[in-house]
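Coordinate analysis (summary)
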Amino acid sequence: MPVITNIDDFHRIYRRRVPKMFYDYCETGSWTEQTFRENTSDFAQIRLRQRVAVDMSNRSTRSTMIGEEVAMPVALAPVGMTGMQHADGEIKAARAAEKFGVPFTLTTMSICSIEDVAEHTEKPFWFQLYVMRDEDFLRRIIQRAKDAGVSALVVTLDLQMLGQRHRDIKNGLSAPPKPTLANMINLSTKWRWGLGMLGTKRRQFGNIVGHVSGVSDPSNLMAWTAEQFDPRLDWGKVEAIRDMWGGKLILKGIMEPEDAVMAAKIGADAIVVSNHGGRQLDGAVSSIRALEPVLDAVGDKIEVWLDSGIRSGQDVLKAVAMGAKGTMIGRAYVYALGAMGEAGVTRALEVIHTELDKSMAFCGHRDITQVTRDILRVPRGFSGDWD
């Protein structure tokens, strides 16, 4: 393995090794990509306060997320088509997360199915649900998650329709890739990726193919998926899903205080402040800017986590210091997976942990659960006095 000291090291290797279509799928936002860019750049505006002559021994980054013990307040976020970034990608990421001691979230739009991941892991993982029009499919996939021992359901609220991502349209995104001349030329340069894909049977959306009548190949699969995101999703439907699931519930995609209050009111266990990595509503504020108003609205009534823009352990520390109980990482682990498979994800988690642990100590703390906003220098008006 090359010497890896930060997530950017993985990104450079990832770009070389993964086909352009799937690199662009990960590394893109909607429309002008303003929100996509600001998710990361806004973290850089927050500064840390160094403390000296403090005892830095016996440090701990251990915490809990919805009552589950975690090695650090980080979970692997749901990411679509992870199994196209690396062969059997969801399985490999889940195993790395399990061994490290952080949660893994499988998405509805995964290549490896719920059953695949359950078969290759020992501990329960989380499952992220996209709400589809097909209510029979919805009921059955929730039951499949229960049967697989999933410990929490993550319902994504901000994808009732797809945000326009220009590069995905231009690339003709599909899983597996369509055999166009441009794709074939690009794939011919990604031999390591290709060998991995030749060695696995998992090349389509495993949670859908074989579970929906009439969906058997990439063409009708993509058509079915495009039509299935349910634009009618409202709080009443969220409550119905809560009752259908009957277990721990996490609501992802909260950006406004009013929605956070509703999520707490219906009894969710946690909410994730997230703008879908800048892939849905371009022009929305970054997740880190949206965090404090949400926290002010719900206080300690519900766990509040942060997703979108985290690329380092220092970003995790800043989010926790701002008040987040946990964080989710997506692109940071996908870069590592595409670059080096399971070993890459493990190394990415190690990198983030080291950055979190050492930065926490330099700020005068030994226990991540005791970190407060006092370690930060936040620009005036950072969370916004918007009209």
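This text gives an overview of the structure that appears in the document.

We now examine unusual backbone geometry. One can expect most non-glycine residues to show negative phi and most peptide bonds to be in trans. The residue Glu 33 is not glycine, and still its phi comes out positive at about 70°. Mapped onto the elements of the fold, Glu 33 is located in the loop between α2 (20-26) and α3 (34-44). Positive phi values are uncommon outside glycine, yet Asp 88 reaches one of about 55°. Mapped onto the elements, Asp 88 comes out in the loop between α4 (82-85) and α5 (89-100).

What follows covers the pairing of strand β8 (residues 248-254). Summarising burial for β8: six of the seven residues are buried, a large majority. By the bridge criterion, five bridges tie strand β7 (residues 152-156) to β8 in an arrangement that is parallel. Paired with Leu 153 across the two strands is Leu 249, which belongs to β8. Judged from the four bridges that link them, β8 and strand β9 (residues 270-273) form a sheet pairing that is parallel. Of the residues in β9, the one forming a bridge with Leu 251 is Ile 271. Regarding topology, helix α13 (residues 257-265) serves as the crossover connection from β8 to the parallel β9, and that connection is right-handed.

Attention now goes to the nonpolar core. Core analysis: the biggest nonpolar cluster contains 115 residues, and Leu 76, Phe 104 and Leu 251 have the highest contact counts within it. Of the residues forming this core, the biggest block, 15 residues, is contributed by helix α16 (residues 331-362). Excluding residues within four positions of it along the chain, Phe 104 makes contact with Leu 76, Glu 90, Ala 93, Ala 94, Ala 97, Val 117, Phe 125, Trp 126 and Tyr 333. Counting residues in each nonpolar core, the second largest holds 13 residues, with Met 65, Val 70, Ala 77 and Val 154 among its members.

Two side chains bearing opposite charge may form a pair once their charged atoms approach each other closely. Per the counting criterion, the structure on display carries 22 salt bridges. We note a salt bridge from Asp 24 to Arg 167, for which the minimum N-O separation is 3.4 Å. Placement of the pair is Asp 24 in helix α2 and Arg 167 in helix α8 (residues 166-171), with a sequence separation of 143 residues. A residue is classified by how much of its surface remains accessible, and Asp 24, at 4% relative accessible area, is buried. Taking relative accessible area as the criterion, Arg 167 reaches 28% and is therefore assigned partly exposed. Across the pair Arg 59 and Asp 357 runs a salt bridge whose closest N-O atoms are separated by 2.7 Å.

The next thing to look at is the state of the cysteines. Within the structure shown, the criterion is met by zero disulfides. Its sulfur unpaired, Cys 112 is 17 Å from the next cysteine sulfur, which belongs to Cys 26.

Here we come to the pairing of strand β11 (residues 326-329). Side chains Gly 326 and Met 328 project from β11 onto one buried face, and the interleaved Thr 327 and Ile 329 project onto a second face that is buried too. Where strand β10 (residues 303-307) lies against β11, three bridges are found, and the strand directions are parallel. If you follow Asp 307 over to β11, its bridge partner there is Met 328. Regarding the hand of the β-α-β motif, the stretch spanning β10, helix α15 (residues 313-322) and β11 is right-handed.

A few words on the packing of aromatic side chains. For the structure on display, the rule yields five aromatic pairs. Taking 5.5 Å as the distance between ring centres and 35° as the angle between the ring planes, the aromatic pair formed by Tyr 14 and Tyr 335 counts as tilted. Here Tyr 14, found in helix α1 (residues 7-17), pairs with Tyr 335, found in helix α16; they are 321 residues apart in sequence, far enough to count as distant. Note on Tyr 14: relative accessible area 0%, which makes it buried. The buried category is assigned to Tyr 335, whose relative accessible area is 3%.

The subject of this paragraph is the packing of helix α7 (residues 135-147) against helix α12 (residues 235-245). Running from N to C, α7 and α12 point in directions that differ by 40°, and their axes come no closer than 10 Å. Considered as vectors, α7 and α12 are oriented oblique to each other. The handedness of the crossing between α7 and α12 comes out as right-handed. Together, Glu 135, Leu 138, Arg 139, Ile 142, Ala 145 and Lys 146 of α7 and Lys 237, Ile 241, Met 244 and Trp 245 of α12 make up the contact between the two elements. By residue class, the composition of the contact of α7 with α12 is six nonpolar, no polar and four charged.

Our next topic: the environment of Glu 239. For Glu 239, the location among the structural elements is in helix α12. It is 8.7 Å that separates the C-alpha atoms of Glu 239 and Gly 267, two residues lying 28 residues apart in sequence.

Here we take up the side chain of Thr 108. Take Thr 108: it is sitting in the loop between β5 (105-107) and α6 (114-119). For Thr 108, the side chain forms a polar contact with the main-chain oxygen of Gln 128, separated by 2.8 Å. If sequence neighbours within four positions are ignored, Thr 108 has contacts with Phe 127, Gln 128, Leu 129, Tyr 130, Met 132, Ile 141 and Asn 207.

Now for the sheet that holds β10. Strands sit in the order β4-β11-β10-β9-β8-β7-β6-β5 across an open sheet of eight strands; the sheet is parallel. The sheet is open, and its two edges are formed by β4 (74-76) and β5, each paired on a single side. Mean inter-strand twist for the sheet, computed between neighbouring axes without regard to direction, equals 25°. As paired elements, β9 and β10 share four bridges and run parallel to each other. Across the sheet, the residue bridging to Ile 271 is Val 304, located in β10. Sheet contacts for helix α14 (residues 287-298): β9 and β10; angle to β10, the most-contacted strand, approximately 175°.

Reading the values: the criteria
- Residues numbered from 1 in each chain as written.
- Predicted model: local features only at pLDDT ≥ 70, side-chain atom pairs only at ≥ 80, totals over all residues.
- Heavy atoms only, no water.
- Helix = DSSP H or I, 4+ residues; strand = E, 2+ residues; numbered from the N terminus.
- Buried < 20%, exposed > 50% of the residue type's maximum accessible area, 1.4 Å probe, protein only.
- Pairing = 2+ DSSP bridges.
- Right-handed = clockwise from strand over helix to strand, strands pointing away.
- Core = buried A, V, L, I, M, F, W, Y, C linked by side-chain atoms within 4.5 Å.
- Contact = heavy atoms within 4.5 Å.
- Salt bridge = Lys/Arg side-chain N within 4 Å of Asp/Glu carboxyl O.
- Disulfide = S-S within 2.5 Å.
- Phe/Tyr/Trp six-rings, centres within 6.5 Å; stacked < 30°, edge-to-face > 60°.
- Axes fitted to C-alpha atoms, helices over the stretch in contact; angles between N-to-C directions.
- Parallel < 35°, antiparallel > 145°, perpendicular 65-115°, else oblique.
- Left-handed = near helix turned anticlockwise from the far one by under 90°.
- Nonpolar A, V, L, I, M, F, W, Y, C, P; charged D, E, K, R; others polar.
- Polar contact = N/O pair within 3.5 Å; in protein donor to acceptor, adjacent residues only side chain to side chain.

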